[in-house]
Amino acid sequence: MKVLVIGGGAREHALCRSLSLDPDVTALHCAPGNAGIAEVAETHPVDALDGAAVAELAASLHADLVVVGPEAPLVAGVADVLRERGFPVFGPSAEAARLEGSKAFAKDVMASANVPTARAYVCTTPEEIDEALDAFGPPYVVKDDGLAAGKGVVVTSDLTAAREHALACDRVVIEEYLDGPEVSLFAITDGETVLPLTPAQDFKRALDGDEGPNTGGMGAYSPLPWAGPELVDEVMESVLQPTVDELRRRGTPFSGLLYAGLAITSRGVRVIEFNARFGDPETQVVLARLKTPLGGVLLNAATGDLAAQPPLNWSDDAAVTVVIASHNYPGTPRTGDPIEGLAEAAEVDKAYVLHAGSRRDEAGRVVSAGGRVLSVTATGEDLATARTRAYEAVSRIRLDGSHHRTDIAEKAASA
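If you're wondering where the values come from, they're calculated on a predicted model, not measured in any experiment.

Draft legend 1. Quick peek at the pairing of strand 18 (residues 318-325). Along strand 18, 8 of the 8 residues are buried, which leaves the element largely enclosed by surrounding structure. Burial along strand 18 is two-sided: A318, V320, V322 and I324 facing one way and A319, T321, V323 and A325 facing the other are all buried. Here strand 18 runs beside strand 23 (residues 372-380); their pairing, made up of 8 bridges, is antiparallel. Following the sheet pairing, V322 is matched in strand 23 by V376.

Draft legend 2. A look at the packing of aromatic side chains. For the structure on display, the rule yields 5 aromatic pairs. Arranged with centres 6.1 Å apart and planes meeting at 35 degrees, the rings of F90 and F278 form a pair that is tilted. Pair noted here: F90 is in strand 5 (residues 89-90) and F278 is in the loop between strand 17 (268-275) and helix 10 (282-289), with a separation of 188 residues, a long-range link. Each member of the pair, F90 as well as F278, is classed as buried. Judged by centre distance (5.3 Å) and plane angle (35 degrees), the rings of F186 and Y259 are tilted. Highlighted residues: F186 in strand 10 (residues 182-189) and Y259 in strand 16 (residues 256-265), separated in sequence by 73 residues. Three or more aromatic residues joined by ring pairs form one cluster here, namely F90, F186, Y259 and F278.

Draft legend 3. Empty space enclosed by the protein, seen in detail. Evaluation of the coordinates by the stated rule reveals 1 cavity of 30 Å³ or more. In this structure, the largest cavity encloses a volume near 30 Å³. Lining the largest cavity, in full, are A14, R17, S18, Q284, L287, A288, Y352 and L354. For the lining of the largest cavity, the secondary-structure elements that each account for two or more residues are helix 1 (10-20), helix 10 and strand 20 (351-355). Across the lining of the largest cavity, the residue classes break down as 5 nonpolar, 2 polar and 1 charged.

Draft legend 4. The arrangement of the sheet that holds strand 17 in detail. Taken in spatial order, the 4 strands line up as 11-10-16-17 in an open sheet, and their pairing is antiparallel. Each of the sheet's edge strands pairs with one partner strand only, and the pair in question is strand 11 (194-196) and strand 17. Recorded for the sheet is a direction-independent mean angle of 35 degrees between the axes of neighbouring strands. As defined by bridge partners, strand 16 adjoins strand 17 across 7 bridges and the pair is classed as antiparallel. By the bridge assignment for strand 17, T265 is matched with G268.

Draft legend 5. Layout of helix 9 (residues 229-249). Taking 1.5 Å of rise per residue, 21 residues should cover 30 Å, and helix 9 covers 29 Å from first to last C-alpha, within 8% of that figure. When the local axis directions of helix 9 are compared, the greatest deviation, roughly 50 degrees, occurs at M236. In this structure, the buried residues of helix 9 make contact with helix 5 (94-101), helix 6 (103-113), strand 10, strand 11, strand 16 and strand 17. Directly after helix 9, the chain includes G251, whose backbone phi takes a positive value near 85 degrees.

So, how was this worked out
Each chain has its residues counted from 1, running along the sequence as written. Only residues with pLDDT of 70 or above have their local features reported here, since the model is predicted, and side-chain atom pairs are shown and tallied only from 80 upward, although totals for entire chains, interfaces and linings are computed over all residues. Excluding hydrogens and water, the side-chain values take into account all heavy atoms of the structure. Think of it in three bands: residues with accessible area under 20% of the maximum for their type are buried, residues over 50% are exposed, and the middle band is partly exposed, with areas taken using a 1.4 Å probe on protein chains only. Where helices and strands are cited, they refer to DSSP runs of H or I of at least four residues and of E of at least two residues respectively, numbered from the N terminus. Only strands joined by at least two bridges in the DSSP assignment are considered to pair. Centre distance within 6.5 Å is the pairing criterion for rings of Phe, Tyr and Trp, where only the six-membered ring of Trp is used; planes under 30 degrees apart are then read as stacked, over 60 as edge-to-face, and the remainder as tilted. Here a cavity is any set of points on a 1 Å grid over the protein atoms alone where a 1.4 Å probe fits but cannot get out, and a pocket is any open set with protein on both sides within 12 Å along at least 5 of 7 lines; a residue lines the site when it has an atom within 4 Å of a point. Grid points are joined across faces, edges and corners, and a volume is the space filled by probe spheres set on the points. Throughout, the ten residues Ala, Val, Leu, Ile, Met, Phe, Trp, Tyr, Cys and Pro are labelled nonpolar, Asp, Glu, Lys and Arg are labelled charged, and all others, Gly among them, are labelled polar. Think of each axis as a best-fit line through the C-alpha atoms, taken over the contacting stretch in the case of a helix, with angles from 0 to 180 degrees between the N-to-C directions. A helix's residues, less one, multiplied by 1.5 Å, set its expected span. Note on bend: at a given residue it equals the angle between the axes fitted to the 7 residues ending there and to the 7 starting there. What makes two residues a contact is simply this: any of their non-hydrogen atoms within 4.5 Å.

This is the structure we're talking about:
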């Protein structure tokens, strides 16, 4: 089949890499892509938010499957336009994607489906904000209701900082702080059948020791040695299936990738957030461990045939990914810096580099083009080995002013 992937980050590079390894994928295209994706797929310039332009591209390529990677095109309704044109699409409708596009909507769905989550207030005035902050006390959890590229959440014990973030949002969700480790669990669904993937853990803070500002994610690992198989069963029963059933009941079935960000609290599993697409950087480690060819799984979800999908086959190996970010990220990043050492990094055994914010300049050099620039991913028989390989590959890459965390998977690897 001919597959078109929409997007240009490391998540899309991970998707394209896996699809390129699927023997049933005979042609692979990505729009707009990036410098790394161009090595495994044919890239095309397109405005990913323009549904009509994306549909025209899909038609010109005779695409058998379109995979919409990022959240912004999904919330903008790109999948709807493609479906109206008759293309099988992996990715939810705009209405179903509100599960990520509006945290208030997600809270309403969870309440209707009896999905366990943090108590929360939806606020639109300074008075409501002050009441909510006072009701919960520190540490304060303040979330912009809309999309914010992974940077709309502030968790702080500083009341002034919490209030300033809340006031900067048009509508804000303020909720109780959830204790315990966090887990990301993806599930592929066609709106009825739910197929969970393997859990992963990501690292949101910019600096070692979970210090610094929130980011889109600075690294991830899988599997989780401290989480048994019963965790997936519990999340399927209490979170994923009820949410999919509730959206179908509302007449807005969710077809695509449902991502549950979870806190394993002293009172049990609680949902922190939902996303309507593969998470970044967790996708990098989850797909690194998936042995089942990806194209057929995504096509079955897109065509409503997921019930016929055989059980997924997973590698016993562990995977670790480390994000290399540009100067000043998660603030306004510096771009245009040359990236060197990519070939040397790829020489590390079972390690590879996935591009996020990269492009080729006029001279043909690969240069930085965003905040999170690269996801350096490696596998190994255990987390310690995968981690060693990932950091060895990171050490071979040169990007002026860049930074990365040095403690990704450190605790889990030594447990």
